[in-house]
Each structure stands twice: as C-alpha cells, then as structure tokens.
Amino acid sequence: MSILPPLFPIRDRLPTRLFPLVNYALIALNVFVFVQQWTAAMGRGDPRGFDPGTWALVPAHVFRDPVFGVETVFTSMFMHASWGHLLGNMFFLWIFGDNVEDAMGHARYLAFYLLGGVCAAAAQTLADPASLIPMVGASGAISAVLAGYGFLYPRSPITVFNPIFILWFFFGLFLHLPAWLVIGEYFVVNLSDALMNNAQGGVAFMAHVGGFVGGAFLLRLFMAGRTRMDDYARWYRLADRRGQPDDAW
C-alpha cells in the first residue's frame, strides 16, 4: 500500500518551441505494438510475432545470459500488459515528454528515453536477478522523462486530480501543484513500494526507481550545450504571447 495518495496529472501549461516529433512517434509505436499484441492474443494474428513470453524482459534470463537477452531490454519497453497499462503510460508521456524533447532536441531525447529504459531494466534485474516474472511497459523510460521534466521545470504548474474526496469541498476536483511536488511524490511512492513490496502485483517498482535515477544522472549530459529554459517567467511570457491563459500558478 502506498504511503501517499497518488497524484494523477491531467495537464501542464508549458508551451514548446519544437514540434514533439519523437514523443509522438514513441506514443504511436507503443500503441501499434500493443494493438499487435492484442490482435495476436485474440487469435487474429501471428501469436509468435508479439508474444510477451518471447519479447518481455525476464531478469533471470538476462542475468544468466546477457548477450542472448539484451534485445528484450528494448522490446519490453514497447509492450504492455493491458489497455489500462498502456493508456496510463502514454498519458504521462504525452504530458511531460514534449517539453523534455523541446529542451534536448529530437535525437538527444530519443537516446535519453531509451537509456532511461535501459537503466530501469538494469535496476529491476539487479534487484531480483532470479525473478522469472516477465517485465513489460514503458514506465521505466517514462520515469526518466519525469526526472528530466522535474529538474528542468521544477516550478511548472501541473494540474492534478484531487485524490482526497473530502478536500473536493474546499479546493475543488482539481489541484494546481508545482512539478517538483507532483514528480517528487511519484518518486517517493515508487521508492517506498520498491523497498517494501518490489514487483507486487506484477508492477516493477524498482524499474521505475531505476529509470528515474538514471534520468536524473543523464540529464546533465544530454543538456550539455543546450539552452536551459528553466526560468518559469520566460515560459510565462511565451505562453502569454501565444494567448494561453496561465491562471494555475
């Protein structure tokens, strides 16, 4: 059980300078792969092509034979266990990924995303090298993206669903909180779950932690030579020029 109520983000308000081509492509690829999984599971396609038993990451297999299992580190990033799993991950990526791509540039963002997924896979494998539970999902790579957003734009206002019913009567259905609080809560909850009940219910919490920590350490490298747009006032002025009201902050 989580130590804090989950904060589910609805939207952010930061504009972007670049069209988030890579972020949209990643979302489209994740959706495409899951549709192929679902089609195969329904008996309407080749069951071998997108079989989680073949392409999911199994820590015991990777630990025993890293060369043979290395491809599953990448294929597992684009597979999901259910529609809910897919939609939740893609919603997070849609909200936070475009601004991280805008800060890094297209090519760097793609490399950052994939390396975040590698860090997530490494953390989960090292945490339980004997595990035979298949791991799928983009959560680890997206955790790296969340770390990037949190450190780049800590004061950016994030609209979240109010998780405490009684507070609806005082603050309404939605809350407007700074990114450092929303993303920091995500990390604390996952770290707590990783330490207390790692992979309970099939959720690879240590992969989330590994992806987040990896993203935090990789951020400086991938932002080298880039203009760091971390002054929120500059974004506010840009949003104002585009006619986007910013009454959340």
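Bear in mind that the values here come from a model prediction, so they are computed numbers and not experimental data.

1. As for the packing of helix 6 (residues 106-127) against helix 7 (residues 139-152)
The description of two helices packed together rests on the angle between their axes and the distance between the axes.
Inference 1: At a minimum axis separation of 7 Å, helix 6 and helix 7 run at an interaxial angle of 120°. Overall, the two elements helix 6 and helix 7 adopt an arrangement that is oblique. By crossing handedness, the relation of helix 6 to helix 7 is classed as right-handed. Only G140, A141, I142, A144, V145 and G148 of helix 7 make contact with helix 6, whose side of the interface consists of Y109, F112, Y113, G116, G117 and A120.

2. Things to note about the packing of aromatic side chains
Inference 1: In the structure shown here, the tally under the stated rule is 13 aromatic pairs.
Inference 2: Pairing F19 with Y24 gives two aromatic rings, centres 5.3 Å apart and planes at 75°, and the pair type is edge-to-face.
Inference 3: An aromatic cluster of at least three residues, connected via ring pairs, comprises F8, F91, F92, W94, F96, Y149, Y153 and Y186.

3. A few points about the environment of L7
Inference 1: Among the secondary structure elements, L7 is positioned in the segment before strand 1 (8-12).
Inference 2: Residue L7 is classed as buried on the basis of its relative accessible area of 17%.
Inference 3: L7 has contacts with V160, P163, L177, V182 and E185, leaving out every residue within four places of it along the chain.

4. Let's talk about a nonpolar patch on the surface
Inference 1: A cluster of nonpolar residues, F8, F161, I164, I166, W168, F169, F170, L173 and F174, forms a patch on the protein surface that exposes about 890 Å² of accessible area.
Inference 2: Element by element, the count of residues in the nonpolar patch is highest for helix 8 (residues 168-171), at three residues.

5. Some remarks on the packing of helix 1 (residues 21-41) against helix 6
Inference 1: Contact geometry of helix 1 with helix 6 gives a least axis separation of 9 Å together with a crossing angle of 40°. Between helix 1 and helix 6, the angle is such that the two are oblique. Contact residues: L21, V22, N23, L26 and N30 in helix 1; H106, Y109, L110 and Y113 in helix 6.
Inference 2: Partitioned by chemical class, the residues of the contact of helix 1 with helix 6 number six nonpolar, three polar and no charged.

6. Quick look at the pattern of salt bridges
Inference 1: Applying the stated criterion to the full structure yields one salt bridge.
Inference 2: Note that D102 and R17 form a salt bridge whose closest N and O atoms lie 3.1 Å from each other. Pair noted here: D102 is in helix 5 (residues 83-104) and R17 is in the loop between strand 1 and helix 1, with a separation of 85 residues, a long-range link.

7. Re the sheet that holds strand 1
Inference 1: The strand order across the open sheet built from three strands is 1-2-3, with neighbouring strands paired in antiparallel fashion. The open sheet has two free edges, formed respectively by strand 1 and strand 3 (174-178), since each of these has just one partner strand. For this sheet, the mean inter-axis angle between neighbouring strands, taken without regard to orientation, is 40°.
Inference 2: Judged from the four bridges that link them, strand 1 and strand 2 (residues 157-161) form a sheet pairing that is antiparallel. Each bridged residue has a counterpart across the sheet, and for F8 the counterpart in strand 2 is F161.
Inference 3: Contacting strand 1 and strand 2, helix 5 crosses the sheet at an angle of about 40° to strand 1.

8. Quick look at the confidence of the model for the protein
Inference 1: Per-residue confidence for the protein gives a mean pLDDT of 84, with 81% of residues at or over 70.
Inference 2: Model confidence for the protein, summarised as mean pLDDT per element, is weakest for helix 11 (residues 232-241) at 54 and strongest for helix 7 at 96.

9. Quick word on helix 10 (residues 205-222)
Note on helix geometry: an α-helix contains 3.6 residues per turn, so any two residues three or four positions apart are oriented the same way.
Inference 1: Taking 1.5 Å per residue as the helical rise, helix 10 with its 18 residues ought to reach 26 Å, and the 25 Å between its terminal C-alpha atoms agrees with that figure.
Inference 2: Of all 18 residues in helix 10, 13 are buried, a share of seventy percent or more.

10. Description of the nonpolar core
Inference 1: Core analysis: the biggest nonpolar cluster contains 53 residues, and L93, F96, M104, Y109, Y113 and Y149 have the highest contact counts within it.
Inference 2: Within the residue set of this core, elements represented by two or more residues are helix 1, helix 5, helix 6, helix 7, strand 2, strand 3, helix 9 (179-197) and helix 10.
Inference 3: At nine residues, helix 5 tops the list of elements feeding residues into this core.
Inference 4: Judged by nonpolar contacts, the second largest core, of five residues, contains A123, A194, F205 and M206.

Reading the values: the criteria
- Residue numbers run consecutively from 1 along every chain, following the written order of its sequence.
- In keeping with the predicted nature of the model, local features appear solely for residues at pLDDT of at least 70, side-chain atom pairs appear and are counted solely at 80 or more, and the whole-chain, interface and lining totals rest on all residues.
- Heavy atoms from the whole structure form the basis of all side-chain values; hydrogens and water molecules are not counted.
- To get an axis, fit a line to the C-alpha atoms, keeping to the stretch in contact for a helix; angles then go from 0 to 180 degrees between the N-to-C directions.
- Helix numbering and strand numbering both begin at the N terminus, where a helix is a DSSP run of H or I of at least 4 residues and a strand a DSSP run of E of at least 2.
- Throughout, the term roughly parallel applies to angles under 35 degrees, roughly antiparallel to angles over 145, roughly perpendicular to angles from 65 to 115, and oblique to all others.
- Each helix crossing is assigned a hand: it is left-handed if the near helix lies turned anticlockwise from the far helix by less than a right angle, otherwise right-handed if that turn is clockwise.
- Contacts were defined at the residue level, with two residues in contact if any of their heavy atoms lie within 4.5 Å.
- Here is the rule: rings of Phe, Tyr and Trp (six-membered ring for Trp) pair when centre to centre is within 6.5 Å. Planes less than 30 degrees apart are stacked, more than 60 are edge-to-face, and the remainder are tilted.
- Only protein chains enter the accessibility calculation, which uses a 1.4 Å probe; a residue whose area is less than 20% of its type maximum is buried, one above 50% is exposed, and one in between is partly exposed.
- Nonpolar side chains (Val, Leu, Ile, Met, Phe, Trp, Tyr) are joined into patches within 5 Å and like charges within 9 Å, using only residues with over 30% relative accessible area and no salt bridge.
- Per-residue and other accessible areas were derived by the Shrake-Rupley procedure at a 1.4 Å probe size, with only the shown protein chains allowed to occlude residues.
- Salt bridges are defined by distance alone: a side-chain nitrogen of Lys or Arg within 4 Å of a carboxyl oxygen of Asp or Glu.
- By the convention adopted, Pro, Cys, Tyr, Trp, Phe, Met, Ile, Leu, Val and Ala count as nonpolar, Lys, Arg, Asp and Glu as charged, and the other residues, Gly among them, as polar.
- Paired strands, as defined in this entry, are two strands with at least two bridges between them according to DSSP.
- pLDDT expresses how confident the predictor is about each individual residue, on a scale running from 0 to 100.
- Helix span, expected: 1.5 Å multiplied by one less than the number of residues in the helix.
- For the purposes of this section, nonpolar cores are sets of buried Ala, Val, Leu, Ile, Met, Phe, Trp, Tyr and Cys residues that join through side-chain atoms within 4.5 Å.

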